[in-house]
Amino acid sequence: MTDTDSIEERPNRRVRSYVVRAGRMTEGQERNYRELWPHYGLELADGLLNYTQCFGREAPVVLEIGFGMGDSLIEMARHMPEKNFIGIEVHPPGVGRLLGRIEEEKLTNIRVFCDDAIEVLSRCIPDASLDTLQLFFPDPWPKKRHHKRRIVQAAFAQSLREKLKVGGQFHMATDWEPYAEHMLEVMSAADGYENAAGAGVYAPQPEWRPVTKFQKRGENLGHGVWDLIFTRTV
């Protein structure tokens, strides 16, 4: 899919919240994908996950949507070995790079999907099974006519709530203030959630959330950074 294909309005095409951008895998990324996917990769076709089988243990599960090139996911998994991490990314070079980093770091607490997060959530993630859902620096779709493509929408919030445990958290971050305002509005109106920082308030960036390259780029452009953390209450 090209950027143009993803933006054009065409009949009978499902609106997607992401763009599969052009970019070829390096030889190393291709080798990682070929050799390491059987060890760390997860497939839609396998259906609902059994986390104990996936990771060989029982532990809190953190799912990240759109991990990019994977550096922050690697850092979190390294510093929080007591948790299991599942990453979802549609950009194959990022997946290939992450697989190589997992092997280099000898991490056993990361598994990976290379697919559409909406499909993964629907077909592979059991209800009330996740301790944390993370969505860091998603595409803000800044043009007004594209706002419907923003992944954080009312229906999406409810589909995520089904996957979180009661007490589990949906953690978002963005460097685009209008999107932060949109996220706050959508999540504040969503049934079954409570803003962990207080009504109408953004959360401070937790110490454990790494600074991503998208955050650095935004800060270099003079953008602020907004974290939002909402807890499933029912």
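Residues numbered from 1 in each chain as written. Predicted model: local features only at pLDDT ≥ 70, side-chain atom pairs only at ≥ 80, totals over all residues. Heavy atoms only, no water.

1. Focus on the overall build of the chain
Within the chain one finds nine helices and eight strands. At 17 Å, the chain has a C-alpha radius of gyration in line with the 17 Å of a compact globule built from 234 residues. Taken along the three principal axes of its C-alpha coordinates, the chain extends 45 × 40 × 40 Å. Taken over 234 residues, the chain has a buried fraction of 49%. A fraction of 79% describes how many contacts in the chain between residues 6 or more apart in sequence connect residues 24 or more apart. Taken as a whole, the chain presents about 11800 Å² of accessible surface, with 49% of it coming from carbon and sulfur. (Helix = DSSP H or I, 4+ residues; strand = E, 2+ residues; numbered from the N terminus. Rg over C-alpha atoms; globule rule 2.2 N^0.38 Å. Buried < 20%, exposed > 50% of the residue type's maximum accessible area, 1.4 Å probe, protein only. Contact = heavy atoms within 4.5 Å. Areas by Shrake-Rupley, 256 points an atom, 1.4 Å probe, with all protein chains shown as cover.)

2. Focus: the sheet that holds strand E1 (residues 41-42)
Spatial strand order, E1-E4-E3-E2-E5-E6-E8-E7: eight strands in an open sheet with mixed pairing. The open sheet is flanked by E1 and strand E7 (193-195), the only strands paired with a single partner. As defined by bridge partners, strand E2 (residues 61-65) adjoins strand E3 (residues 84-88) across five bridges and the pair is classed as parallel. When the bridges of E3 are listed, Ile65 appears paired with Ile88. Sheet strands touched by helix H8 (residues 177-189): strand E6 (164-174), E7 and strand E8 (226-232). Its angle to E8, the strand with the most contacts, is close to 15°. (Pairing = 2+ DSSP bridges. Axes fitted to C-alpha atoms, helices over the stretch in contact; angles between N-to-C directions.)

3. A word on the confidence of the model for the chain
Atomic detail in the predicted coordinates should be set aside for any region of low pLDDT. Taken over all residues, the pLDDT of the chain has a mean of 90, while the share at 70 or more is 90%. Taken together, the stretch residues 1-18 has pLDDT below 50 and engages in 32 contacts with residues farther than four places along the chain or on a different chain. (pLDDT = per-residue confidence, 0-100.)

4. Details of the pairing of E8
Side-chain direction in a regular strand flips from residue to residue, so the side chains alternate between the two faces of the sheet. Most of E8 sits inside the fold, with seven of its seven residues counted as buried. Side chains Trp226, Leu228, Phe230 and Arg232 project from E8 onto one buried face, and the interleaved Asp227, Ile229 and Thr231 project onto a second face that is buried too. Where E6 and E8 come together, six bridges link them in antiparallel fashion. The residue of E8 that forms the bridge with Thr174 is Trp226. Pairing of E7 with E8, which is carried by three bridges, proceeds in the antiparallel orientation.

5. Thoughts on the packing of aromatic side chains
Per the stated rule, a full pass over the model turns up two aromatic pairs. An angle of 15° between the planes, with centres 5.2 Å apart, marks the rings of Tyr33 and Trp37 as stacked. One end of the pair, Tyr33, and the other, Trp37, are both in helix H2 (residues 27-40), four residues apart, so they sit about a helical turn from each other. A relative accessible area of 12% means that Trp37 is categorised as buried. In this structure, Arg149 packs its charged tip against the face of Trp141, placed 5.6 Å from the ring centre. It is Arg209 that lies over the ring of Phe136; its NZ or CZ is 5.4 Å from the centre. (Phe/Tyr/Trp six-rings, centres within 6.5 Å; stacked < 30°, edge-to-face > 60°. Lys NZ or Arg CZ within 6 Å of the ring centre and 35° of its normal.)

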